[in-house]
Number of protein chains: 2
Amino acid sequence: MATPKNHDIRLNKRPVGLPGPADFELAETPVPVPGSGQVLVRNLFMSVDPYMRGRMSERSSYVAPFQVGETLSGGAVGKVVDGNSRFTPGDYVVSQNGWREWFVSDGSDLRKVDPAVAPVQAYLGALGMPGLTAYAGLKRVGQLTPEDRVFVSAAAGAVGSVACQIARAMGCEVVVGSVGTDAKRQWLESLGIEAFNYRDTDDLAGTIAEHMPGGIDLDFENVGGAHLEAALDNMREQGRIVLCGLIDQYNDAEPPPGPRNLDLLLKRRLAMRGFIVIDHFDLFENFLQDMSRWIAEGKVQRRETIVNGIENAPAALIGLFRGDNIGKMLVKLADDD
Amino acid sequence: MATPKNHDIRLNKRPVGLPGPADFELAETPVPVPGSGQVLVRNLFMSVDPYMRGRMSERSSYVAPFQVGETLSGGAVGKVVDGNSRFTPGDYVVSQNGWREWFVSDGSDLRKVDPAVAPVQAYLGALGMPGLTAYAGLKRVGQLTPEDRVFVSAAAGAVGSVACQIARAMGCEVVVGSVGTDAKRQWLESLGIEAFNYRDTDDLAGTIAEHMPGGIDLDFENVGGAHLEAALDNMREQGRIVLCGLIDQYNDAEPPPGPRNLDLLLKRRLAMRGFIVIDHFDLFENFLQDMSRWIAEGKVQRRETIVNGIENAPAALIGLFRGDNIGKMLVKLADDD
C-alpha cells in the first residue's frame with residue numbers, strides 16, 4: 001500500500017462575489033507525525049457552511065478572516081489514529097480542523113462524540129453547530145412558545161430544516177418553510193412541515209399569507225433581502241424576527257439596501273435580533289440531550305448532501321450559495337475503515 | 001362681551017407627502033352646551049405630534065385613521081368651565097380632544113392634572129405622552145443601565161430631549177444627541193448633553209464616532225433613514241436599538257429602502273425593537289413619580305415651542321417635519337384666566 005499523503009485546501013485569493021475554483025488551492029503534504037503527547041487524526045467528514053464565505057473576505061466579521069495562502073478551517077469529524085493519554089485510536093472527534101485530511105493536535109481542541117447516538121457526521125449537522133444554531137435561535141433568542149406560528153426561510157438547509165423540526169417537536173402547530181426547489185419542498189412535506197418553493201411565486205409576501213393566514217409570530221430568518229421584507233409584511237403584533245443568516249447577500253460586493261417596510265417594526269412592535277451560535281455554547285449540554293432524544297423519537301430527521309473528496313470541497317461551498325444542498329452539506333474525506 | 005364661538009380643525013383631504021394648509025379646514029360652531037352629567041371644557045393648549053401624520057393617511061396603522069371632514073383629535077390640556085359630580089370648575093384636565101377649543105364630555109375621557117407640579121402644558125410634554133414614551137423606551141424596551149452609552153436622534157424634540165435627560169438622570173455618562181440646528185445643539189449643551197448638528201457633516205457615521213469613540217450601547221431612534229444606518233455603524237456588540245419613531249419617512253408616499261448595514265444586527269448580535277407608548281400605560285404612575293422628582297431636582301428641564309391660536313395648528317404640525325420646534329411643540333388655544 002502506498003504511503004498516504006495529506007491534502008488540504010488553502011485560500012488562493014480573496015473572492016469577489018461568488019467564490020470560484022481559482023480562489024482555492026489544493027495542496028499535498030506528507031501526513032504529519034505526532035509529537036510527544038499529540039494525537040494524529042484522520043478526518044472523515046468536513047462541514048461547509050455559509051458563514052465561511054465571510055471569512056474569505058478581508059472585511060472584519062465576528063470571526064477572524066482566513067489568510068491568503070493558509071489552510072482554511074472549519075468543522076470536521078475524524079478518527080483518532082495515534083492516541084495520547086486522553087484519546088484512544090478509534091475515538092471519533094469533532095474539531096475545527098477541517099479542509100484537511102490529516103492533522104495532529106494536543107487534544108485540547110478535540111471533543112469526543114458518541115457514534116451510538118447517530119452516525120458521526122451528524123455531529124456536524126443536527127447534533128452539531130447547525131443544530132445548536134437552530135436550538136439557541138428558537139429557544140433563547142426567539143423565546144419560542146408552543147402557541148407561536150413559525151416561518152423559516154432556507155427551510156431545507158442545515159439550520160433551517162432542524163429549526164422547522166425543533167419548532168414542531170416543541171409543540172408549534174403552524175410551521176411553514178420556504179425553499180428553492182420542489183425536491184426540498186417534498187422532503188419537508190414528508191416530514192410534516194408545510195413548505196413552498198419561492199421560485200414559484202412573484203409575490204412572496206402573498207404566498208406566505210396564503211400559507212399562514214394568521215400571520216407570523218416568529219420568523220427564523222436565514223436569507224434576508226426579499227425574504228425578510230416579505231416576512232415583515234406578515235408579522236403579527238409583538239412578533240420576533242430571529243436573524244440567523246443573510247445568505248442572499250454574503251456574496252454581494254456592496255451590501256443591498258434593507259427592507260422597505262422597517263416601519264412595521266414600530267407599528268407592530270416587533271423585535272428583530274441577530275445572533276451567533278458561539279455566544280450560546282453554554283446551551284450545548286441541554287441541546288445534546290434534547291436533540292438526541294428528538295432524533296431517537298424520530299422527531300428530528302437528518303438529511304445530508306455529501307460531496308466526495310477534499311478536492312471537491314470548494315465546489316461544495318460554492319454549491320451552498322446555489323442551494324445545491326438538501327439538509328447538511330458535507331464533504332466526505334475518507335471511508336471509516 | 002361677545003358670546004364666544006368654538007373653533008375646530010377638520011381634515012379637509014388626505015395629504016400627499018408633506019401636509020399643506022389646504023389639507024385642513026377651520027370650522028366655527030357654537031360653544032357646546034353640556035347635557036346632564038356632562039362637563040364643559042375649554043382647551044388651553046393642544047399638542048401636535050409626529051404620529052398624527054400617520055393618522056391623516058388611509059394606510060392602516062396602530063391607531064385608526066382620521067376621517068375626512070371630521071374634527072382631528074389629539075392630546076390637549078384644558079380647564080373645566082361647567083363641572084359635574086367628579087369635576088369642579090377650575091380643574092385642569094388632559095384629554096384626547098385637541099384640535100378644538102371647547103368640548104363637552106361625561107368626564108370618562110378626562111384625567112385631572114396638578115398645576116402645582118409644573119405648568120399644565122407640561123402634561124402634554126415631559127409629564128405626558130412624550131415623557132412616558134422616552135421613559136418606557138429607555139427603561140423597559142431598552143433595558144437602560146447606567147453603563148450604557150446612549151445615542152439619541154432628533155435629540156431636541158419632545159421625546160428626544162426628555163430621553164437624553166432621563167438617560168443622564170439614570171446615571172449614563174455618555175449621552176450624545178443629533179439635532180438639526182445650532183440653536184438646538186446649544187440648548188442641549190446648556191443641559192450638559194453632548195450634541196452635534198447633523199447638517200454640519202457629510203459623514204454622519206464618522207461624526208457619531210468622533211463623539212462616541214467607544215460606540216453606542218443604546219440607540220434611541222427617532223429618525224430612521226440615514227440616521228439609523230449611521231447609528232448601526234457605531235453600535236457595540238450586544239447593543240440595542242429602540243425604534244421610537246421614523247420621522248424621516250412619515251411624509252414619503254413610498255417607503256424608502258432600509259439601511260444597507262442590517263448585517264451588523266447579526267455580526268454584532270444587536271437587537272432592534274419597535275414600540276408604541278400605548279402598550280406601556282401601566283408604567284404611568286411610576287413615570288409620573290420619577291419625572292416629577294427629576295423636574296423638581298432640575299434633572300429634566302422642559303422647553304416648549306408655542307404657536308398661538310387654533311388657526312395656526314396646521315402650520316405647527318407641518319413645522320414639526322421641518323424641525324421648527326425646540327422641545328415640545330404646542331398650540332396655545334386660550335389664556336388661563
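Residues numbered from 1 in each chain as written. Chains lettered and ligands numbered in written order. Predicted model: local features only at pLDDT ≥ 70, side-chain atom pairs only at ≥ 80, totals over all residues.

A. View of the relation of the copies chain B and chain A. Note on the copies: chain B fits chain A at an RMSD of 0.0 Å, the axial shift is 0.0 Å, and the rotation between them is 180°. Read as a symmetry element, the transformation amounts to a two-fold axis. It is Gly-258 of chain B whose C-alpha, among those of chain B, lies nearest the rotation axis, at 1.9 Å. Both copies present the same face, since 100% of the interface residues in chain B are matched by interface residues at the equivalent positions in chain A. (Least-squares fit on C-alpha atoms with pLDDT ≥ 70 in both. Contact = placed C-beta atoms within 7 Å.)

B. Layout of the pairing of strand β9 (residues 175–179) of chain A. Residues and elements named next belong to chain A. With 5 of 5 residues buried, β9 lies mostly within the body of the structure. Side chains Val-175, Gly-177 and Val-179 project from β9 onto one buried face, and the interleaved Val-176 and Ser-178 project onto a second face that is buried too. Where strand β8 (residues 150–152) and β9 come together, 3 bridges link them in parallel fashion. From the neighbouring strand, Phe-151 faces β9, where its bridge partner is Val-176. Two strands pair when backbone bridges link them, and β9 and strand β10 (residues 194–197) are joined in this way by 4 bridges, in the parallel orientation. If you follow Val-176 over to β10, its bridge partner there is Glu-194. The handedness of the β9 to β10 crossover, carried by helix α4 (residues 182–190), is right-handed. (Buried ≥ 20, exposed ≤ 12 C-beta atoms within 10 Å, placed from the backbone. Helix = DSSP H or I, 4+ residues; strand = E, 2+ residues; numbered from the N terminus. Pairing = 2+ DSSP bridges. Right-handed = clockwise from strand over helix to strand, strands pointing away.)

C. Region of the structure containing the sheet that holds β9 of chain A. Spatial ordering of the open sheet is given by β10(A)-β9(A)-β8(A)-β11(A)-β12(A)-β13(A)-β13(B)-β12(B)-β11(B)-β8(B)-β9(B)-β10(B), a layout of 12 strands whose pairing is mixed. Only two strands of the sheet have a single partner each, and these edge strands are β10 of chain A together with β10 (194–197) of chain B. Averaged over all pairs of adjacent strands, the angle between strand axes in this sheet comes to 15°, irrespective of strand direction. (Axes fitted to C-alpha atoms, helices over the stretch in contact; angles between N-to-C directions.)

D. The pairing of strand β15 (residues 328–332) of chain A, seen in detail. All names here are of chain A. Of all 5 residues in β15, 4 are buried; the element is thus mostly enclosed. Inspection of the sheet shows strand β3 (residues 39–47) paired to β15 by 3 bridges, in the antiparallel sense. By the bridge assignment, Met-46 is partnered in β15 with Val-331. Pairing analysis gives 5 bridges linking strand β14 (residues 304–308) to β15, with the strands arranged parallel. Each residue of the ladder has a partner; that of Val-307, found in β15, is Val-331.

E. Up close: the packing of helix α2 (residues 129–141) of chain B against helix α3 (residues 158–169) of chain B. Residue and element names in this part refer to chain B. Put simply, α2 and α3 touch, their axes get as near as 8 Å, and they point 50° apart. In terms of orientation, α2 lies oblique with respect to α3. Crossing hand, α2 versus α3: right-handed. Two secondary-structure elements touch here, α2 through Pro-130, Gly-131, Thr-133, Ala-134, Tyr-135, Gly-137 and Leu-138 and α3 through Ala-158, Val-159, Val-162, Ala-163, Ile-166 and Ala-167. In terms of residue class, the contact of α2 with α3 is made up of 10 nonpolar, 3 polar and no charged. (Parallel < 35°, antiparallel > 145°, perpendicular 65-115°, else oblique. Left-handed = near helix turned anticlockwise from the far one by under 90°. Nonpolar A, V, L, I, M, F, W, Y, C, P; charged D, E, K, R; others polar.)

F. Representation of the domain arrangement of chain A in the model. Residues and elements named next belong to chain A. Domain annotation for chain A reports domain 1 (5–124 + 303–332) and domain 2 (129–278). Each of domain 1 and domain 2 has a C-alpha centre, and the two are 28 Å apart. Across the contact, 16 residues belong to domain 1 and 17 residues belong to domain 2. Residue assignment for the side of domain 1 that touches domain 2 shows that the elements contributing at least two residues are α1 (51–55) and β15. For the side of domain 1 that touches domain 2, the per-class residue count stands at 7 nonpolar, 6 polar and 3 charged. (Domains from an automatic or database assignment.)

G. Region of the structure containing the interface of chain B and chain A. If you look at the interface, chain B gives 26 residues, while chain A gives 26 residues. Of all the elements in the fold, those that place two or more residues in the side of chain B that touches chain A are α7 (263–267) and β13 (271–274) of chain B. Per-class residue counts for the side of chain B that touches chain A are 15 nonpolar, 5 polar and 6 charged. Pairing between strand β13 (residues 271–274) of chain A and β13 of chain B: 3 bridges, direction antiparallel. Bridge pairing in β13 of chain B places Arg-273 of chain A opposite Ala-271 of chain B.

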